[in-house]
Amino acid sequence: MLELNINNETSRLKAVVLGSAFSSGPTPKIEEAYDPKSLEHILAGTYPVEGDMVSEISAFEEVLKKYNVTVLRPQNIDNYNQIFTRDIGFVIGDVFVKSNILPDRELELGAIQFIVDQVNPNKVVRPPEEVHIEGGDVMLWNEHIFIGTYKGSDYKEYITARTNKEGVDYIKSLFPDKIVKEFDLVKSKIEARDNALHLDCCFQPIGRDKGIIYKNGFREEADYLYLVNLFGDENLFHLTRDEMYNMNSNVFSIDSNVVVSERNFTRLNNWLRTNGFIVEEIPYAEIAKQEGLLRCSTLPLIRE
């Protein structure tokens with residue numbers, strides 16, 4: 001049995017589900033794009049090819065194994081994108097929550113069922129149909145659970161709005177002892193530089209008291225200020241609009257002092273090293289063209 005344990009984003013990682021780019025299928029059609037950044041690259045003819053994405057994920061896997069992390073992989077589905085495992089499920093404490101994701105992606109959940117079957121069935125939950133929630137919007141910080149959402153009245157019109165009010169309420173009811181704080185995110189169907197697809201596209205904690213943040217990813221300044229007050233402005237790395245677009249907030253922590261980051265994130269990586277982090281730089285710019293990066297590619301199961 002897998003003894004799940006996830007209480008924050010940065011404790012020493014022991015086991016994780018890493019996404020797969022094998023047999024990821026052809027470039028999607030314009031009408032099949034799930035987000036504005038993918039659409040941008042489909043239109044430009046620069047959408048990533050399978051070989052490059054497989055190579056990038058392999059580099060990620062090598063780093064994880066370097067730190068003795070148990071790396072589990074989804075069962076392969078032919079001609080299907082299985083890179084972003086963060087969307088399809090997440091762990092809070094010792095509970096595995098199956099996401100209610102876009103209907104077209106339901107097969108991805110089936111591909112990790114053999115892993116879920118290793119968890120105590122009493123610790124596996126699936127929200128009711130009206131609850132929309134994806135793992136990229138759910139972020140644990142000890143007694144806190146941060147959740148990205150979209151509160152606009154036009155929620156149903158946005159394919160980029162992935163977690164609704166019912167999703168926030170569901171987590172509150174499931175974990176009444178936690179401080180659940182939701183953040184209303186900026187969404188765009190056409191401009192990736194103005195679209196926080198998930199919370200981890202504009203914020204992520206790192207280390208024991210630091211974080212990466214993009215102010216304009218939040219619809220309400222009060223939400224941004226909540227995090228500034230909680231972490232301290234001096235402990236936050238503030239992203240530019242282009243850095244947010246390039247997914248600088250979507251790094252991944254293996255330990256409280258070890259961060260996996262994209263090798264082109266020069267300003268961020270220098271700041272991390274200045275603040276005492278070991279930075280494992282890898283190529284991931286091709287996968288980033290799908291508006292997801294390192295955190296999006298992982299589903300952590302066990303941390304110390």
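Above: the structure in question.
Calculation criteria
- Residues numbered from 1 in each chain as written.
- Predicted model: local features only at pLDDT ≥ 70, side-chain atom pairs only at ≥ 80, totals over all residues.
- Heavy atoms only, no water.
- Phe/Tyr/Trp six-rings, centres within 6.5 Å; stacked < 30°, edge-to-face > 60°.
- Helix = DSSP H or I, 4+ residues; strand = E, 2+ residues; numbered from the N terminus.
- Buried < 20%, exposed > 50% of the residue type's maximum accessible area, 1.4 Å probe, protein only.
- Lys NZ or Arg CZ within 6 Å of the ring centre and 35° of its normal.
- 1 Å grid on protein atoms, 1.4 Å probe; cavity = no way out; pocket = protein on both sides within 12 Å on 5 of 7 lines; lining within 4 Å.
- Points joined across faces, edges and corners; volume = space filled by probe spheres on them.
- Nonpolar A, V, L, I, M, F, W, Y, C, P; charged D, E, K, R; others polar.
- Contact = heavy atoms within 4.5 Å.
- Pairing = 2+ DSSP bridges.
- Right-handed = clockwise from strand over helix to strand, strands pointing away.
- Arc of directions from axis to C-beta.
- Core = buried A, V, L, I, M, F, W, Y, C linked by side-chain atoms within 4.5 Å.
- Axes fitted to C-alpha atoms, helices over the stretch in contact; angles between N-to-C directions.
- Salt bridge = Lys/Arg side-chain N within 4 Å of Asp/Glu carboxyl O.

Teacher, can you tell me more about the packing of aromatic side chains here?
Two numbers describe a pair of aromatic rings. These are the distance of the centres and the angle of the planes. Applying the stated criterion to the full structure yields nine aromatic pairs. Each ring, one from Phe183 and one from Phe218, has its centre 5.9 Å from the other, and the planes form 65 degrees; the classification is edge-to-face. Of the two residues, Phe183 sits in strand S8 (residues 179-184) while Phe218 sits in the loop between strand S10 (210-213) and helix H6 (221-231), which places them 35 residues apart along the sequence. For Phe183, a relative accessible area of 0% puts it in the buried group. Residue class for Phe218 comes out buried when judged on its relative accessible area of 6%. Aromatic pair Phe203 and Phe231: ring centres 5.6 Å apart, planes at 70 degrees, arrangement edge-to-face. Within this pair, whereas Phe203 is found in strand S9 (residues 203-206), its partner Phe231 is found in helix H6, the two being separated by 28 residues in sequence. We classify Phe203 as buried; its relative accessible area is 0%. Members of the aromatic cluster, connected to one another through ring pairs, are Trp141, Phe146, Phe183, Phe203, Phe218, Tyr226 and Phe231. Over the ring of Tyr245 we find Lys37; its NZ or CZ atom is 4.4 Å from the centre of that ring. For the cation-ring pair, Arg193 lies above Tyr245, with the distance from its terminal atom to the ring centre recorded as 3.7 Å.

How should the layout of surface pockets be read in this particular structure?
Regions of empty space are outlined by a rolling probe, equal in size to a water molecule, passed over the atoms. In this structure, the largest pocket encloses a volume near 760 Å³. Lining the largest pocket are 34 residues, and of these Pro28, Glu32, Tyr34, Tyr47 and Asn81 sit closest to its centre. Residues belonging to the lining of the largest pocket are distributed by class as follows: 15 nonpolar, nine polar and 10 charged.

Mind showing me how you'd approach empty space enclosed by the protein here?
One pass over the structure, following the stated rule, counts one cavity of 30 Å³ or more. Size it by volume and the largest cavity reaches roughly 80 Å³. Taken together, Ile6, Asn8, Glu9, Arg86, Phe90, Val91, Val138, Leu140, Arg295, Pro300 and Arg303 form the lining of the largest cavity. Grouping the amino acids of the lining of the largest cavity by side-chain chemistry returns six nonpolar, one polar and four charged.

Where do I start with helix H1 (residues 36-44) in this structure?
Side chains three or four residues apart in an α-helix point the same way, a direct result of the helix having 3.6 residues per turn. Those residues of H1 that fall on the buried side of the exposure criterion are Pro36, Lys37, Ser38, His41 and Ile42. Buried residues belonging to H1 abut helix H7 (241-245).

Any chance you could explain the pairing of strand S14 (residues 278-282) here in plain terms?
Within a regular beta strand, the side chains point alternately toward one face of the sheet and then the other, so they alternate between its two faces. Sheet topology note: the strand S13 (residues 258-262)/S14 ladder contains five bridges and is parallel. Note that in S14 the partner of Val258 across the bridge is Ile278. One crossover worth recording links S13 to the parallel S14 by way of helix H8 (residues 266-274), and it is right-handed.

Would you mind going over H8 with me for this structure?
All buried positions along H8 are accounted for by Leu268, Asn269, Trp271 and Leu272. Along H8, the residues classed as buried sweep out an arc of 160 degrees about the axis, all on the same side. In H8, those exposed residues whose orientation departs by more than 90 degrees from the buried face are Thr266 and Thr274. Where H8 is buried, its residues contact S9, S10, strand S11 (236-238), S13 and S14.

Would you take a moment to explain the nonpolar core for this structure?
A general tendency of soluble globular proteins is for nonpolar side chains to be buried together. Membership of the largest hydrophobic core comes to 60 residues, with the highest contact counts inside it found for Phe60, Leu64, Phe146, Leu199, Phe203, Phe218 and Ile254. Residue contributions to this core peak at seven residues, all from helix H2 (residues 50-66). Membership of the second largest hydrophobic core comes to 34 residues, among which are Val95, Phe96, Ile147 and Val168.

What is the right way to look at the sheet that holds S10 in this model?
Paired through backbone hydrogen bonds, the strands of a sheet run either parallel or antiparallel to each other. Spatially, three strands are ordered S9-S10-S11 in an open sheet, and the strand pairing comes out mixed. The sheet is open, and its two borders are formed by S9 and S11, each paired with just one other strand. Averaged over all pairs of adjacent strands, the angle between their axes in this sheet comes to 20 degrees, without regard to strand direction. With four bridges joining them, S9 and S10 adopt antiparallel strand pairing. Bridging across to S10, Gln204 finds its partner in Ile212. Relative to S11, H8 is tilted by about 165 degrees, and along the sheet it contacts S9, S10 and S11.

Honestly, the environment of Pro28 in this entry has me stumped. Any pointers?
With respect to the helices, strands and loops of the structure, Pro28 is situated in the loop between strand S1 (13-18) and H1. Given a relative accessible area of 22%, Pro28 falls into the partly exposed group. Each C-alpha atom, one on Pro28 and one on Cys296, is 19 Å from the other, the two residues being 268 residues apart in sequence.

What exactly am I supposed to notice about the pattern of salt bridges here?
Any two side chains of opposite charge can pair, so long as their charged atoms come close to each other. Within this structure, the stated rule accounts for 20 salt bridges. Notably, a salt bridge pairs Arg219 with Asp184, separated by 2.9 Å at the nearest N-O pair. With Arg219 in the loop between S10 and H6 and Asp184 in strand S8, this pair connects stretches of sequence that are 35 residues apart. Given a relative accessible area of 39%, Arg219 falls into the partly exposed group. Across the salt bridge formed by Arg193 and Asp242, the nearest N and O atoms sit 3.3 Å from each other.

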